[in-house]
Amino acid sequence: MGQLISHTPTSPTPPLLNLPLEIILAIASRLSSSPVSIVALSLTCKSLFAALECHVANLGAEYREDLLLLLEKDLGARFFYCSTCRQLHRFTSRFTPLDPCRTFYYWYGQNSSCNLWGSFLPNTVSPYTLWYVHARLVMNRYLYGPPKGLPLESFARPAWVAGSLDLGLRWLQTPSARIVQGELLIRFSHTLEGRASILRHAIDQGEYKICRHVATDPFKPAWTSLGLFMTDLMKHRIPELRKPEEEGNHGTEPDESLLFRPCRELSRSCTECSTDYVVTIERAEVREVVKQSWGAKLDFSGPFADGWRVTIVAYHQLGRCRDPDDWEWLSLSGGDNIKFGADGRRKYSGRDMALYPPGSIIRKWEAGDSRLGAM
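Residues numbered from 1 in each chain as written. Predicted model: local features only at pLDDT ≥ 70, side-chain atom pairs only at ≥ 80, totals over all residues. Heavy atoms only, no water.

Visitor: Would you take a moment to explain helix H7 (residues 196-204) for this structure?
Guide: Since the α-helix advances by 3.6 residues per turn, residues separated by three or four positions end up pointing in the same direction. Burial in H7 covers these residues: Ala196, Leu199, Arg200, Ala202 and Ile203. Along the long axis of H7, the arc covered by the buried residues comes to 165°, so they all point the same way. Packing partners of the buried residues in H7 comprise strand S6 (168-180), strand S7 (183-195), strand S11 (236-237) and strand S14 (299-319). (Buried < 20%, exposed > 50% of the residue type's maximum accessible area, 1.4 Å probe, protein only. Helix = DSSP H or I, 4+ residues; strand = E, 2+ residues; numbered from the N terminus. Arc of directions from axis to C-beta. Contact = heavy atoms within 4.5 Å.)

Laid out in structure tokens, this is it:
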């Protein structure tokens, strides 16, 4: 009986490699005005690399970034471009704003010389930390299509957030995101509710903010979710959250009707960064969400018919997220009016209210299609 001999099927030779070498070199000559394209062609297989090796060797350092950006577009399901070290780095689908420690330590564990280029924290004590890496990867999905980058939905994860390091009422923080005219926008709905005196205490003693410059309370330094001490001074407090004057009520128990002044959908803007927000304070039937002790689960009590609800809907324009020195990203993630210049880049000196007038970011959000970028 004859012995069976198995043959491993071989892949057919690509038609391009069947061309004479002279034709391949002529193609390379046509690409001479775009050295990066020649390198990209050489990386398709070993045979072309051998044929075009001399062209690759002559590629100047000034083309390195262009080449890596081209490779990011092609390999974007696993890699993204880092503008700090000018290399491609791996990422995983577990990179989410609600797991900042994973992103932080995964990144620095492999790339200790790199910089995450700051983060956007909607408030100092939130577990939600949006690094530049997250924003770039979401825009990669929008620009290059799946499976590149991360889906827009990775931003839209609600969380119960402490108003301070203290125990007590929890804010419900609900994010959503859109890409409008090629720019990333993110919206946070911040909701806090409870009986009047408890709600008043939570706001006055809290350390909650909606951007680096606007707070719900008189700002005090706080620890972030990564254990970093924040020293940014709040420049503005939301005026609607100040306690109304208790005229004619001195020396008596505070009248709960005087602890808040109701308002509905009042539109305001941060004068420092690309943030607009809308404030609503209203009487409502509420539930109180409280953490009674460290390590304990959240305690839900109520409903209480005589409660108050505070809702702040904040709109932030993060920009194209192609460069961590873009104004929008710097204004949301950087410290007070960063400088550098000539030309170590960075910059940012506050919001140009003529270019970004009050309410313009809200209007841009409302004009956008929520389906854009949801890939």
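Visitor: I keep staring at the nonpolar core and nothing clicks. Help me out?
Guide: A general feature of soluble globular proteins is that nonpolar side chains tend to end up buried together. Core analysis: the largest hydrophobic core is formed by 52 residues, its most contacted members being Leu184, Val310 and Leu318. Mapped by element, the contributors of at least two residues to this core are helix H6 (132-144), strand S5 (159-162), S6, S7, H7, strand S13 (275-291), S14 and helix H8 (327-333). Among the elements that line this core, the one with the most residues is H6, at 6 residues. (Core = buried A, V, L, I, M, F, W, Y, C linked by side-chain atoms within 4.5 Å.)

Visitor: Quick question: what am I supposed to make of the packing of helix H1 (residues 21-30) against helix H3 (residues 46-57) here?
Guide: To describe two helices that pack against each other, one gives the angle between their axes and the distance between the axes. Contact geometry for H1 and H3: axes closest at 11 Å, N-to-C directions at 45°. Classed by the angle they form, the pair H1 and H3 counts as oblique. For the element pair H1 and H3, the recorded crossing hand is right-handed. For the pair H1 and H3, the contacting residues are Leu21, Ile24, Leu25 and Ala28 in the first and Leu48, Ala51, Leu52 and His55 in the second. Class assignment for the residues of the contact of H1 with H3 results in 7 nonpolar, 1 polar and no charged. (Axes fitted to C-alpha atoms, helices over the stretch in contact; angles between N-to-C directions. Parallel < 35°, antiparallel > 145°, perpendicular 65-115°, else oblique. Left-handed = near helix turned anticlockwise from the far one by under 90°. Nonpolar A, V, L, I, M, F, W, Y, C, P; charged D, E, K, R; others polar.)

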